[in-house]
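Chains, contacts and geometry: an overview
What follows is the residue order along each chain.
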Amino acid sequence: MSGLLGPLLVLTFCLSQAFRDVYLGHLFQGVDFFAIILLAFVLSTAIFAPIAFTKARAEWAIVRKHWRDVAAMNVTTAIAWSCYFFGLTHLEPSIVNTIHSGMAPLAVAALGVAGIKLAQPQRIGGAEWASYGGIALSIAALWGVVLTERSGVATLDPQTATEALGLLIVGGTSITVSLLYAKRLNDLGVGSAMVTTVRYILIIAVAAVVEIARGGPSGIHGIGNAGFLAVATTALIVLPLYAMQVGTALTPPLTAQIIRALGPVFVFALESFDRRLHYSASVLACILAYSAFVIAGNFVHGWRSAPRPLKV
């Protein structure tokens, strides 16, 4: 049962991110997403910092020693969430989730091919490579659906659509690298509470600078509204990420990323409640194809990794 804890936590993250993406996609139509970044990540840091200070003091020495890994995690986290939220502001949530999530197994595989060892390398077989090719084709097909105006968003400027799609590729790769740095810190003895405490320093600073330059957040009305949004977004963004960090620490990187890539199915089902979106058969077909390739890759990876019985 303990061996299933990591994958179960990653699956919990996949379910919760469906609620997150549909809610935030609707919210960002009227609220500046840098304001949401500031509210959510400041509150999450305030929640986990006391835990890190009181129960994980020994981990600070590891964090200081490996400050380069912490800095890299901060940079890639800031890039990833900024790109992701820009995509949610302009594109259909299920498309955003699919492209962002689909880059995860592709990025892990590409890092392995390039010889960049951010985590324990795993051998990839021919059938898995075929599934990754299918994932890449599914992502390309979603680009085509958006650029030919067949997605669930009624109207979208072509230039903005292209920028959002490109940034999702960057963001999906960045969040994968960020998670791998987090896992490296976990392997060095740094717990998830400490990782959460030090992970969002840069993105908080960037969001604060943006809001100061703009003269304050737009779309937030009063302290009560700000407090509600801070609690709601923290519950939907950071707490599931904490579960994801714990799950990732207990799960091989490739397996965790493939499970994480199942989220778009749940997002597509939930976004029917968002009245600004309409049903798109083209988007559904791409997501189903994507999910089939993800499941196939996950199955092949699990079968190949399973221990073989000893011959007697």
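Bear in mind the structure is a predicted one, so any value in this text is a computation, not a measurement.

This part is about the overall build of the chain. The number of helices and strands found in the chain is 13 helices and zero strands. Taken from the N to the C terminus, the helices and strands of the chain come in the order α-α-α-α-α-α-α-α-α-α-α-α-α. Counting only C-alpha atoms, the chain reaches 70 × 50 × 35 Å along its principal axes. Summed over all atoms, the accessible surface of the chain reaches about 14000 Å², with 71% contributed by carbon and sulfur. With 19 positive and 13 negative side-chain charges, the chain shows a separation of 15 Å between the mean positions of the two kinds.

Looking now at unusual backbone geometry. A positive phi angle, near 60°, is found at Glu149, a position not held by glycine. Looking at Glu149, the relative accessible area reads 58%, which means it is exposed.

So, on to the packing of aromatic side chains. Within the structure shown, the criterion is met by 12 aromatic pairs. Pairing Phe28 with Phe33 gives two aromatic rings, centres 6.1 Å apart and planes at 55°, and the pair type is tilted. Counting every residue linked through ring pairs, the aromatic cluster contains Phe28, Phe33, Phe34, Phe41, Trp81, Tyr84, Phe85 and Tyr200.

This part takes up the pattern of salt bridges. If you walk through the whole model with that rule in mind, you get four salt bridges. The residue Arg214 makes a salt bridge to Asp32 at a minimum N-O spacing of 2.8 Å. Residue Arg214 is located in helix 9 (residues 201-214), and its partner Asp32 is located in the loop between helix 1 (2-27) and helix 2 (33-55); the two are separated by 182 residues in the primary sequence. Asp274 is the partner of Arg276 in a salt bridge, and the nearest nitrogen-oxygen pair spans 3.0 Å. Take Arg276: its relative accessible area is 26%, and that puts it in the partly exposed class.

In this section: the environment of Thr45. Along the polypeptide, Thr45 turns up in helix 2. For the pair Thr45 and Val238, spaced 193 residues apart in the sequence, the C-alpha separation amounts to 9.3 Å. When neighbours within four sequence positions are excluded, Thr45 is seen to be in contact with Pro50, Thr196, Thr197, Tyr200 and Ile204. Side-chain polar atoms of Thr45 contact the backbone oxygen of Phe41, separated by 2.8 Å.

Okay, the nonpolar core next. With 61 residues, the main nonpolar core has Leu24, Ile36, Ile37, Phe41, Trp81, Phe85 and Ile237 as its most contacted residues. Examining the composition of this core, we find that eight residues originate from one element, helix 2, more than from any other. In contact with Ile36, other than residues within four places in its own chain, are Leu24, Leu27, Phe28, Val31, Leu229, Thr233 and Ile237.

At a minimum axis distance of 9 Å, the contact between helix 7 (residues 158-187) and helix 10 (residues 222-249) shows a crossing angle of 65°. By crossing handedness, the relation of helix 7 to helix 10 is classed as right-handed. Across from Leu179, Lys183 and Asn186 in helix 7, the residues of helix 10 making contact are Met244, Gln245, Thr248 and Ala249. Taken together, the residues that form the contact of helix 7 with helix 10 break down as three nonpolar, three polar and one charged.

About the cut-offs
Residues numbered from 1 in each chain as written. Predicted model: local features only at pLDDT ≥ 70, side-chain atom pairs only at ≥ 80, totals over all residues. Heavy atoms only, no water. Helix = DSSP H or I, 4+ residues; strand = E, 2+ residues; numbered from the N terminus. Areas by Shrake-Rupley, 256 points an atom, 1.4 Å probe, with all protein chains shown as cover. Lys, Arg positive; Asp, Glu negative; His and termini not counted. Charge placed at Lys NZ, Arg CZ, Asp CG, Glu CD. Buried < 20%, exposed > 50% of the residue type's maximum accessible area, 1.4 Å probe, protein only. Phe/Tyr/Trp six-rings, centres within 6.5 Å; stacked < 30°, edge-to-face > 60°. Salt bridge = Lys/Arg side-chain N within 4 Å of Asp/Glu carboxyl O. Contact = heavy atoms within 4.5 Å. Polar contact = N/O pair within 3.5 Å; in protein donor to acceptor, adjacent residues only side chain to side chain. Core = buried A, V, L, I, M, F, W, Y, C linked by side-chain atoms within 4.5 Å. Axes fitted to C-alpha atoms, helices over the stretch in contact; angles between N-to-C directions. Left-handed = near helix turned anticlockwise from the far one by under 90°. Nonpolar A, V, L, I, M, F, W, Y, C, P; charged D, E, K, R; others polar.

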